[in-house]
Amino acid sequence: LKHLGVPFLAAGEPRLVMLDIPHELAAVPWEWMQVQGSRPLCLQAPLCRTVPGFDDASRGRPFFHVPLRVLVIGDALAESNLYRHPLPGTGEEAKEIAQLFEAASKCHEVTLLVGREASYERVLRELTDGYDVVHLAGAAYVDENGESVIPLHDGRVSASELATLLIRNPPGLLFVNEDYSGFVPAFGDKHSISREQSNAFGDVYYRLQQRRPGLERVVARAGVGTFIGCMAPSTETVAREIAVGFYTHLLAGRFVAQALFLARVSREAVDEGTPLFFAMAGYPD
């Protein structure tokens, strides 16, 4: 680009950057590339990943209702007998996001599930009901098979199960504000490839190909338009502020990629790690 005279990051309003990454390299956090300085690319411009193996023509675009139908889930583990891991901050996050949509238009249909209301049966029923925007805040983990799992009040839903639920009526926007919900970096969890015995290039490359990139790819297969997830353990308060900031910018008329970028950079000085952990895939607009 330099030799062609095309600036990668233009002066003024940052230009959108699309990351077109092959599946076997999707577990690398390319959002952290240092371009024109020492700051990561995701703090310099709006970013969005394409979904490996799925072009826009084959995926199509989800239909949005007018007014919007919004599903917000938070702190599903409150008073749970299975996990004993309440996250009250995520419950407040869910309530605040629901209030943002309700304040934006009294016509928006907003369903809020917190604590006991986020039961396995209720969540699965709602996910098949055809929402435009789905936001989940709480806990997630990677199981022994490397698959992302979302615990609910009285059960759990795996990435593959989530895809089968969404495929009938996929949302235009799915934001899962839970650790390890986005693609999982190659070095980011207990199944890190760096802990394998062989570090030969061919072996490392093969293991990269085998890794499951969180919910990112499976929800794209289900037809979700845009997915936002978190790739590593985050600071709960900062993650909450980023999510609330994202929807604030979105409801003010910003595209999804711009909204996430603005929410991310606003918390950059507060937490050096958490703003870097969010990744977007699908349609940036």
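The rules behind these values
What you see as residue numbers is a count from 1 along each chain, following the sequence as written. Confidence filtering applies because this is a predicted model: local features only for residues at pLDDT of at least 70, side-chain atom pairs given and counted only at 80 or more, and all residues used for totals across whole chains, interfaces and linings. Excluded from the side-chain calculation are hydrogens and water; included are all heavy atoms of the structure. Going along the chain from the N terminus, every DSSP run of H or I of four or more residues is numbered as a helix, and every run of E of two or more is numbered as a strand. Three labels apply to residues, based on accessible area from a 1.4 Å probe with only protein chains included: buried if under 20% of the type maximum, exposed if over 50%, partly exposed otherwise in between. The contact criterion used is simple: two residues touch if any of their non-hydrogen atoms lie within 4.5 Å. Here the open area of atoms and residues is found with the Shrake-Rupley method and a 1.4 Å probe, where only the protein chains shown may cover a residue. Paired strands are those between which DSSP finds at least two bridges. Angular values range over 0 to 180 degrees, each being the angle between N-to-C directions of two axes fitted as lines to C-alpha atoms, with helices fitted over their stretch in contact. Relative orientations are named as follows: roughly parallel for angles under 35 degrees, roughly antiparallel for angles over 145 degrees, roughly perpendicular for angles from 65 to 115 degrees, and oblique for any other angle. When residues are sorted by character, Ala, Val, Leu, Ile, Met, Phe, Trp, Tyr, Cys and Pro go into the nonpolar class, Asp, Glu, Lys and Arg into the charged class, and all the rest, Gly among them, into the polar class. Each helix should span, by expectation, one fewer than its residue count multiplied by 1.5 Å. Just to be clear on terms, a salt bridge is a Lys or Arg side-chain nitrogen sitting within 4 Å of an Asp or Glu carboxyl oxygen.

## Description of the overall build of the protein
Each helix and strand in the protein was counted, giving eight helices and 11 strands. Every one of the 285 residues in the protein was classed for burial, and the buried ones make up 53%. For the protein, the proportion of contacts with a sequence separation of at least 24, taken over those separated by at least 6, is 77%. When the accessible surface of the protein is totalled, it reaches about 13300 Å², and 53% of it is carbon and sulfur.

## Quick look at the sheet that holds strand E7 (residues 148-152)
Strand pairs in the sheet, formed through backbone hydrogen bonds, run parallel or antiparallel to each other. On the basis of which strands lie adjacent, the open sheet formed by three strands has the order E6-E7-E8 and antiparallel pairing. Lying at the two open borders of the sheet, with one neighbouring strand each, are strand E6 (141-142) and strand E8 (155-158). In the sheet, E6 pairs with E7 via two bridges, with the strands oriented antiparallel. Counterpart to Val142 in the pairing with E7 is Ser148.

## Here's the deal with the packing of helix H3 (residues 120-127) against helix H4 (residues 159-166)
With their axes 8 Å apart at the nearest point, H3 and H4 run at an angle of 45° to one another. With respect to their mutual orientation, H3 and H4 come out oblique. Mapping the contact onto sequence places Tyr120, Leu124 and Leu127 in H3 and Glu161, Leu162, Leu165 and Leu166 in H4. Looking at side-chain class alone, the contact of H3 with H4 contains six nonpolar, no polar and one charged residues.

## Remarks on the packing of helix H2 (residues 88-104) against helix H7 (residues 236-251)
Contact geometry of H2 with H7 gives a least axis separation of 10 Å together with a crossing angle of 10°. Taken together, the axes of H2 and H7 are roughly parallel relative to one another. Between H2 and H7, the residues in contact are Pro88, Gly89, Thr90, Glu92, Glu93, Glu96, Ile97, Leu100, Phe101 and Ala104 and Glu236, Arg240, Ala243, Val244, Tyr247, Thr248 and Leu251, respectively.

## As for the environment of Pro14
Inspection of the secondary structure puts Pro14 in the segment before strand E1 (17-19). Spatially, the C-alpha atoms of Pro14 and Gln258 are 9.1 Å apart, while their sequence positions differ by 244 residues. Not counting chain neighbours up to four residues away, the residues in contact with Pro14 comprise Gln44, Ala45, Pro46 and Phe261.

## Some remarks on the environment of Val28
Looking at where Val28 falls in the secondary structure, it is placed in the loop between E1 and strand E2 (47-49). Among the residues examined, Val28 registers a relative accessible area of 24% and is labelled partly exposed. It is 8.8 Å that separates the C-alpha atoms of Val28 and Phe183, two residues lying 155 residues apart in sequence.

## Section: the side chain of His135
Along the polypeptide, His135 turns up in strand E5 (residues 133-137). Here His135 falls in the buried class, since its relative accessible area comes to 1%. Other than its neighbours up to four places away in sequence, His135 contacts Leu71, Val72, Ile73, Glu93, Ile97, Phe175, Asn177, Ala243 and Tyr247.

## Looking at H7
Between its terminal C-alpha atoms H7 stretches 23 Å, which fits the 22 Å expected from 16 residues at 1.5 Å a residue. Among all positions in H7, only Val238, Ala239, Ile242, Ala243, Val244, Gly245, Phe246 and Tyr247 are buried. Structurally, H7 contributes buried residues whose contacts are with H2, E5, strand E9 (173-177), strand E10 (226-230), helix H8 (256-266) and strand E11 (278-282). After H7 finishes, the residue Gly253 shows a positive phi value of roughly 110°.

## Regarding unusual backbone geometry
Val66 connects to Pro67 through a cis peptide bond whose omega is 0°. The residue Tyr180 is not glycine, and still its phi comes out positive at about 65°. Among the secondary structure elements, Tyr180 is positioned in the loop between E9 and helix H5 (201-210).

## Looking at the pattern of salt bridges
As enumerated under the stated definition, the model contains nine salt bridges in all. Between Arg39 and Glu268 there is a salt bridge, with its nearest N and O atoms 2.9 Å apart. In this pair, Arg39 is assigned in the loop between E1 and E2 and Glu268 in the loop between H8 and E11, connecting sequence segments 229 residues apart. The partly exposed category is assigned to Arg39, whose relative accessible area is 35%. In this structure, Arg122 and Glu126 form a salt bridge, with 2.8 Å as the shortest nitrogen-oxygen distance. With Arg122 and Glu126 both in helix H3, this residue pair falls four residues apart, about one helical turn.

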